[in-house]
Amino acid sequence: MRLLPAILMLAVAAPVVAQDKAPAKSHKDAMVAEVEASWAKPPVDEAAAVSRGTVTVKGERIAYTATAGTLTIRDNDAKPTASLFYTAYTKDGGGNRPVTFFYNGGPGSPTIWLHMGSFAPVRVNTTTPDYVHPAPYSFGPNPESLIDKTDMVFIDAIGAGWSRPLGDKTGKDFWGVDQDADAFARAITRYLDKNSRWTSPKFLFGESYGTLRSGAVAALLEDRGVSLSGIVLFSTIMNYGVRQPGYDQNYMVLFPGYAATAWYHQRLANRPADLASFLVEVRGFVSGAYAAALAKGDTISPGEAQAVAKQMAAYTGLSEAFILRANLRIDLGHFQTELLRDRRVSTGRLDSRYLLTVADANADSPIDDPASTAITGAYIANFMEYATRTLGYKTDMPYKLSARESGFEWDWRHRAPGSNGPQLAPNTAVDLAHMMRTNPYVKVLFMNGYYDMATPFYGAEFDANHMQLDESRRRNISFKYYEAGHMIYLNPQALTQMHQDLAAWYDAAR
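About the criteria used
- Per chain, residue numbering runs from 1 following the sequence as it is written.
- With the structure being a predicted model, the display of local features is reserved for residues of pLDDT at least 70 and the display and counting of side-chain atom pairs for 80 or more, all residues being used for whole-chain, interface and lining totals.
- The side-chain values count all of the structure's non-hydrogen atoms but skip hydrogen atoms and water molecules.
- A run of H or I in DSSP becomes a helix once it reaches four residues, and a run of E becomes a strand once it reaches two; helices and strands are each numbered from the N terminus.
- By definition, residues are in contact when any of their heavy atoms lie within 4.5 Å.
- Note on areas: Shrake-Rupley with a 1.4 Å probe; residue coverage comes only from the protein chains shown.
- Two residue types count as positive, namely Lys and Arg, and two as negative, namely Asp and Glu; His and chain ends fall outside the count.
- Charge positions are represented by NZ for Lys, CZ for Arg, CG for Asp and CD for Glu.
- Residues belong to a common nonpolar core when they are buried Ala, Val, Leu, Ile, Met, Phe, Trp, Tyr or Cys residues joined through side-chain atoms within 4.5 Å.
- Here the term buried applies to any residue with accessible area under 20% of the maximum for its type, exposed to any over 50%, and partly exposed to those in between, with areas from a 1.4 Å probe on protein chains only.
- In this analysis, rings of Phe, Tyr and Trp, with Trp reduced to its six-membered ring, are considered paired at centre separations within 6.5 Å, and the interplanar angle assigns stacked below 30 degrees, edge-to-face beyond 60, and tilted for intermediate values.
- pLDDT measures the predictor's confidence residue by residue and takes values from 0 up to 100.
- What makes a salt bridge here is a side-chain nitrogen of Lys or Arg within 4 Å of a carboxyl oxygen of Asp or Glu, nothing more.

Draft legend 1. How the structure looks around the overall build of the protein chain. Along its length, the protein chain carries 16 helices and 14 strands. Taken along the three principal axes of its C-alpha coordinates, the protein chain extends 120 × 55 × 55 Å. In the protein chain, 71% of the contacts between residues at least 6 apart in sequence involve partners at least 24 apart. Carbon and sulfur atoms provide 53% of the accessible area of the protein chain, an area that totals close to 22900 Å². Considering the protein chain, the positive charge centre built from 50 side chains and the negative charge centre built from 52 side chains are found 4 Å apart.

Dropping the structure here:
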């Protein structure tokens, strides 16, 4: 009978012996665990760093609160799906004033460009069209800030900046026309919830692809009970359908920009004194003789082709022979390299005033865009310093300048309101028109640079003029033009004029 307690004691001790003999973690396992524990992840619980500042705008000293943080968006079951980084500027003691949501485009771009260059209380000082001198940079208070008219919220797209998917979601869940629009609509709604701004006048401000986004976001917000007071479409591209090969519309869209570029670079034989008046004449040619010639395709007569080519040459500074060899259809890359080929330079795409010295003077397209590379270093350096030191936002995550990394593939399908099937090449001017028919009060402002060849001003006009709106709605649309490129705010004179135009527009739109 004495054997039983001994057996029981052995049974109890056995697991301890087994644990003592368990193999220690390998060095590899330990390193994996250490990396996992130190992995910088986006916060599910919303982060916020709050600071305060002042800026003087038009003689008024304005105190404001800056909040750099994250907005957690959720699906319809309240599951967190993504964390979006934002920076908000609100006027102290401003009451229930307008709030404007800003975003850049890409698709896949963060909003560092609008944030650091346009209407925030601080900005990088630039003089165009020049390469920004390396550090130390000129950065400081922005006397053209819109904080005098509206609170501002700058939001980064998912996969760019410090915005990231959460949980089992990946970038692919948000990288598409409709997926992206839904995420921004949810982020805007979350900001309104979080900050009790539902009754504030609400505005959207999108640049480049952000204008296409705005059409879709505006329609979604209206459907979800968020009625907008106004939308600013800045360097507009709402319709990608016209850019498909085989369609002549894109050649027409580009042509007035070619004429403006030739005017700027002094390549016209009889250069008019006034650019705006000159472009009125060019528009008439494009919608008349040029459109008719392109519509005839291969059936155009040699005589008509010759006459149209002669007029095109007079407006662009290109030779008639070059234009005829291109069948009256001048690709952007060919124009950029041909206009100033004798000077061995090509013009910019984002801003055709910028010039790039080429290694091969026979090249048929530029190898880079000088308007982009000229400012990148200044914007990145100043934002990183400002975000951490002044705004006080701390994170170990890298700030991504683009979501366009390995695996990035944008879903271009778009289901517009009331459509029976998806558009394969999106045109959210359809969404914007639908929203404007629903909301008779919303104002829309198109802001355009004459030298923007990435999103030409004539394309914005074409889209706006084909929204099939009645006269009462058309009166809510206005256009402003500037002697600048895609990023109009790079030109300090244009920035001053834009503030004046926007101040008057906000007053009228409220």
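Draft legend 2. Structural detail: the nonpolar core. Residues Tyr89, Phe119, Tyr489, Met498 and Leu502 are the most contacted members of the largest nonpolar core, which totals 58 residues. Counting 45 residues, the second largest nonpolar core, distinct from the first, contains Leu84, Val153, Ile188 and Leu233.

Draft legend 3. Quick peek at the packing of aromatic side chains. Taken as a whole and assessed by the stated rule, the structure comprises 41 aromatic pairs. Here Phe205 and Phe234 contribute two aromatic rings whose centre-to-centre distance is 5.5 Å and whose plane-to-plane angle is 35°, an arrangement assigned as tilted. In this pair, Phe205 is assigned in strand β9 (residues 202-208) and Phe234 in strand β10 (residues 230-236), connecting sequence segments 29 residues apart. In this pair, the class of Phe205 matches that of Phe234, namely buried. With centroids separated by 5.9 Å and ring planes inclined at 25°, the aromatic side chains of Phe408 and Trp410 adopt a geometry described as stacked.

Draft legend 4. Highlighting the confidence of the model for the protein chain. Scored by pLDDT, the protein chain comes out at a mean of 92, with 93% of its residues at no less than 70. Within the model, pLDDT remains below 50 along residues 1-18, and this stretch shows 0 contacts once partners closer than five positions in the same chain are excluded.

Draft legend 5. Representation of the environment of Tyr386 in the model. Along the chain, the position of Tyr386 falls in helix α12 (residues 376-390). Assessed through its relative accessible area of 5%, Tyr386 is described here as buried. Taking the C-alpha atoms as reference points, Tyr386 and Glu461, separated by 75 residues in sequence, lie 37 Å from one another. Not counting residues within four places of it along the chain, the set of residues in contact with Tyr386 comprises Tyr89, His115, Met116, Val122, Phe139 and Leu391.

Draft legend 6. Structural view of the pattern of salt bridges. Tallied over the entire structure, the rule returns 20 salt bridges. A salt bridge links Lys79 to Asp168; the shortest N-O distance between them is 3.2 Å. Residue Lys79 is found in the loop between β2 (60-74) and β3 (80-91), and its partner Asp168 is found in the loop between β8 (164-165) and α4 (177-195); the two are separated by 89 residues along the sequence. When the shortest N-O distance is used, the salt bridge between Arg413 and Asp411 registers 2.9 Å. You can call Arg413 partly exposed: its relative accessible area is 48%. Several salt bridges share partner residues, and in doing so they unite Glu46, Arg190 and Lys194 into one network.

Draft legend 7. Broad picture of the environment of Glu46. Mapping Glu46 onto the fold places it in the loop between α2 (27-38) and β1 (48-57). Looking at Glu46, the relative accessible area reads 23%, which means it is partly exposed. C-alpha separation for the pair Glu46 and Tyr86, spaced 40 residues apart in sequence, amounts to 11 Å.

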